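Structural characterization, general
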Amino acid sequence: MTAPEEPEPCRTCQEFDLEEAVARSERDGSREADARVLRRRHQAAEHPGRLDIG
């Protein structure tokens, strides 16, 4: 039995993740929150039904 294939990573999601991590490392809470909000909006529009809301 094989594991289900993982979907190809979304570059846009990865960019929002990176932006959030950079903002966190710079202790910029506003920018960090902005990245989270934008990633979630992107996920809702481009990846409906996916559960990786991280």
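Note that the coordinates shown come from a computational prediction; the quantities given were computed from them, not determined experimentally.

Between its terminal C-alpha atoms helix α2 (residues 29-46) stretches 25 Å, which fits the 26 Å expected from 18 residues at 1.5 Å a residue. Packed against the buried residues of α2 are α1 (11-25).

For the rest of this paragraph, the subject is the side chain of His42. Looking at the secondary structure, you find His42 in helix α2. Residue classification places His42 among the buried positions, given a relative accessible area of 15%. Aside from chain neighbours lying at most four places away, what touches His42 is Cys10, Thr12, Cys13, Phe16 and His47.

This part is about the packing of α1 against α2. Two elements in contact, α1 and α2, have axes whose closest approach is 8 Å; the angle formed by their N-to-C orientations is 165°. Comparing the axis directions of α1 and α2 gives the class roughly antiparallel. Of the two elements, α1 crosses α2, and the hand of that crossing is left-handed. Across from Thr12, Cys13, Phe16, Asp17, Glu19, Glu20, Val22, Ala23 and Arg24 in α1, the residues of α2 making contact are Arg31, Glu32, Ala35, Arg36, Leu38, Arg39, His42 and Gln43. Partitioned by chemical class, the residues of the contact of α1 with α2 number 6 nonpolar, 3 polar and 8 charged.

So, how was this worked out
- Each chain carries its own residue numbering, running from 1 in the written order of its sequence.
- Residue-level local features of this predicted model are given only where pLDDT is at least 70; pairs of side-chain atoms are given and counted only at 80 or more, and the full residue set underlies all totals for whole chains, interfaces and linings.
- Note that the side-chain values use all heavy atoms of the structure and ignore hydrogens as well as water.
- For helices the rule is a DSSP run of H or I covering at least 4 residues; for strands it is a run of E covering at least 2, with both sets numbered from the N terminus onward.
- Helix span is expected to be 1.5 Å times the residue number reduced by one.
- Here, residues are in contact when the closest pair of their heavy atoms is within 4.5 Å.
- The classification of residues rests on relative accessible area computed with a 1.4 Å probe and restricted to protein chains. Under 20% of the type maximum is buried, over 50% is exposed, and intermediate values are partly exposed.
- In this analysis an axis means a line fitted to C-alpha atoms, helices contributing only their contacting stretch, and an angle means the value between N-to-C directions, from 0 to 180 degrees.
- Working definition: roughly parallel below 35 degrees, roughly antiparallel above 145 degrees, roughly perpendicular at 65 to 115 degrees, and oblique for all remaining angles.
- Note on convention: the crossing is left-handed when the near helix lies turned anticlockwise from the far helix by less than a right angle, right-handed when the turn is clockwise.
- Under this grouping Gly is polar, as are all residues other than the nonpolar Ala, Val, Leu, Ile, Met, Phe, Trp, Tyr, Cys and Pro and the charged Asp, Glu, Lys and Arg.

Read these as geometric descriptors, not functional statements.
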